[in-house]
Amino acid sequence: MATTQTKDYYGILGVKKTATADDIRKAFRKLARKYHPDVNPNDKKAEEKFKEISEANDVLSDEKKRKIFDQFGFYSDQIDPAQAEAASRGGYGPRPGGGAAQGQGMPFDFGGFDFSDFADQQRRGASTPSSGGSGPGSAGWGGFRDIFSGMFSQGGKSSPGVQPGSDLEYHVTIDFWAAIQGGVTRLQITHQEVCPTCKGRASAGGPMTCPECHGSGQVTQMGGRMKFNIQCPRCGGSGKVQDACHTCHGEGTVIKPETVEVRIKPGTREGQRIRLAGKGNAGTGGGPAGDLFLIVKIGTHPVFTRVGDDIHITAPVTVAEAALGSKIEVPTIDGRAQLRIPPGTQSGQKLRMREKGVVSAASESRRGDEIVTVEIIVPQLKDERSKEILREFAKLNPEDPREAMWAKV
Ligand SMILES: [Zn+2]
Ligand SMILES: [Zn+2]
C-alpha cells in the first residue's frame with residue numbers, strides 16, 4: 001500500500017501555526033507573485049513550487065480545512081469520517097479556542113459531518129468572500145482569483161466527471177487614447193483547452209492498475225503518530241484507472257496560447273474588469289469553459305494624466321500672466337482650448353475646465369473635467385532694464401510673504 005506524503009503547509013508558506021487568516025493571505029500573495037507561471041515561463045521548479053504554495057493556501061485559507069489540517073497534520077476531503085471520529089476520541093480532543101464555529105456545535109466530532117456536502121461548498125466558491133462577485137466556474141479557486149492574472153488548475157483528478165473550467169484573470173495595459181476613444185486590442189493569453197487527442201475524455205483506452213495505490217484502492221496517510229487508510233484519491237477506491245491520454249497525461253485539457261481580440265469601450269477606466277465569456281480554462285468531461293477577466297491598466301501620456309474621467313495637466317504660466325490675469329491656451333484631449341487665468345493666481349493653484357475630460361463609459365451625456373495646475377515660471381533676467389523695473393516693483397510692494405509663517409512659529 002502506498003503512502004501519501006504529508007506536507008507542512010505552514011512551513012511552505014513560511015508562517016507560524018498561530019498565523020491569522022490575513023497573515024496567510026499575505027504570505028501566499030507574496031510567494032504567488034514570485035513563483036507564478038506567467039512570471040517564470042517554462043520553469044518547472046517554479047511551477048511545482050507554485051502548485052505547492054497554492055495547495056497550502058487552499059487548505060490554510062479555509063477555516064474548516066485548516067482545522068482538519070491542524071488536527072491531523074494533513075488534509076484530505078476523503079478522510080473517512082469514522083476514522084476521524086475515532087482519532088478525535090483517541091486523544092485528539094478539540095483545542096482550546098478551536099471553537100464551535102458556524103453553529104456546528106461539535107468542532108471535532110466528525111459524526112454527521114457530511115464531507116461530500118462540504119466539497120460541494122468548496123466547488124461553489126464559498127470560500128472566496130474577497131473575490132467580489134465570484135462568477136460561475138470559480139471552482140475551487142479559493143482566494144486565488146482575486147490576485148492577478150494567470151492560471152492554475154486545481155482538483156479534477158480527485159473528482160472525475162463533469163467539471164466547469166476555471167476563470168482566468170489577466171492584466172492588460174490599454175493605450176491612453178484607445179481607452180478614451182475606444183478601439184480593439186489584441187492580447188496573448190495562455191489557457192487550458194479541451195485536449196484535441198482525447199476530446200477531454202482524458203483516457204486513451206482500457207483500464208489499468210492505479211499507479212497511486214497499486215490496485216488496492218486505499219492509501220495511507222500519517223496524522224501525527226496515527227495512520228489513516230483513506231480511499232485512493234486517484235482511482236476513487238476502485239484500484240483501476242483509465243490508461244491516461246498521452247497528449248494531456250490524463251488531464252483532459254492541454255495548455256495552449258491563444259490571441260484574443262478585445263473590444264475597448266470609449267471611456268474605459270483604470271481598474272475596470274472586462275469579461276470575455278468562455279475564454280477561461282476549458283471544463284472537463286464536457287463541462288463549460290470558465291470566463292476570462294481582463295483588469296484594465298491605462299497607458300500613460302507625456303502631458304495628460306487620467307484620473308477617472310478627469311484629465312490633469314500642469315501649465316507653465318509667467319509671473320505677469322499670473323499677477324495681472326490673462327487668457328492662455330492649454331492642450332485638452334479635444335485640442336487647444338482657452339483658459340482664463342484670474343489676476344493673482346498662485347503657483348500650484350488648480351483651475352477646472354468643466355467637461356473637457358473623458359466622456360463617461362457609463363453615460364455619453366456625462367463628461368469629466370480637465371484640471372490645470374498652474375506652475376509659475378520665474379524669469380531669468382538678462383538685461384539691466386528688466387532688473388531695474390523689478391527693483392522698483394519690490395519697492396512699491398514691500399510686503400513680506402513669510403509674515404504669516406513667522407506668526408505661527
Ligand atoms: Zn487527452
Ligand atoms: Zn488508486
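Above this text you will find the structure in question.
The structure presented is a predicted model; accordingly, all values stated were derived computationally and were not measured.

### Comments concerning the sheet that holds strand E9 (residues 273-276)
If you walk across this open sheet you meet the three strands as E2-E10-E9, and the pairing is mixed. The sheet is open, and its two borders are formed by strand E2 (168-174) and E9, each paired with just one other strand. On average, each strand axis in the sheet is tilted by 30° relative to the strand beside it, whichever way the strands run. Two strands pair when backbone bridges link them, and E2 and strand E10 (residues 292-298) are joined in this way by seven bridges, in the parallel orientation. Considered in E10, the bridge of Thr173 is made with Lys297.

### Points about the pairing of strand E13 (residues 326-332)
With seven bridges joining them, E13 and strand E14 (residues 335-341) adopt antiparallel strand pairing. Counted as the bridge partner of Ile328 is Leu339 from E14. Remark: two residues form the turn of the hairpin made by E13 and E14, two consecutive strands paired antiparallel.

### A few points about unusual backbone geometry
Residues other than glycine seldom take positive phi values, yet Lys199 does so here, at roughly 55°. Inspection of the secondary structure puts Lys199 in the loop between strand E3 (183-194) and strand E4 (203-209). Lys199 gets classed as exposed once you count the C-beta atoms within 10 Å, which come to 11. The backbone of His214 sits at a positive phi, close to 50°, despite the residue not being glycine. Looking at where His214 falls in the secondary structure, it is placed in the loop between E4 and strand E5 (218-223). Under the C-beta neighbour-count criterion, His214 is labelled partly exposed, with 13 such atoms within 10 Å.

Definitions and cut-offs
- Residues numbered from 1 in each chain as written.
- Chains lettered and ligands numbered in written order.
- Predicted model: local features only at pLDDT ≥ 70, side-chain atom pairs only at ≥ 80, totals over all residues.
- Pairing = 2+ DSSP bridges.
- Helix = DSSP H or I, 4+ residues; strand = E, 2+ residues; numbered from the N terminus.
- Axes fitted to C-alpha atoms, helices over the stretch in contact; angles between N-to-C directions.
- Buried ≥ 20, exposed ≤ 12 C-beta atoms within 10 Å, placed from the backbone.

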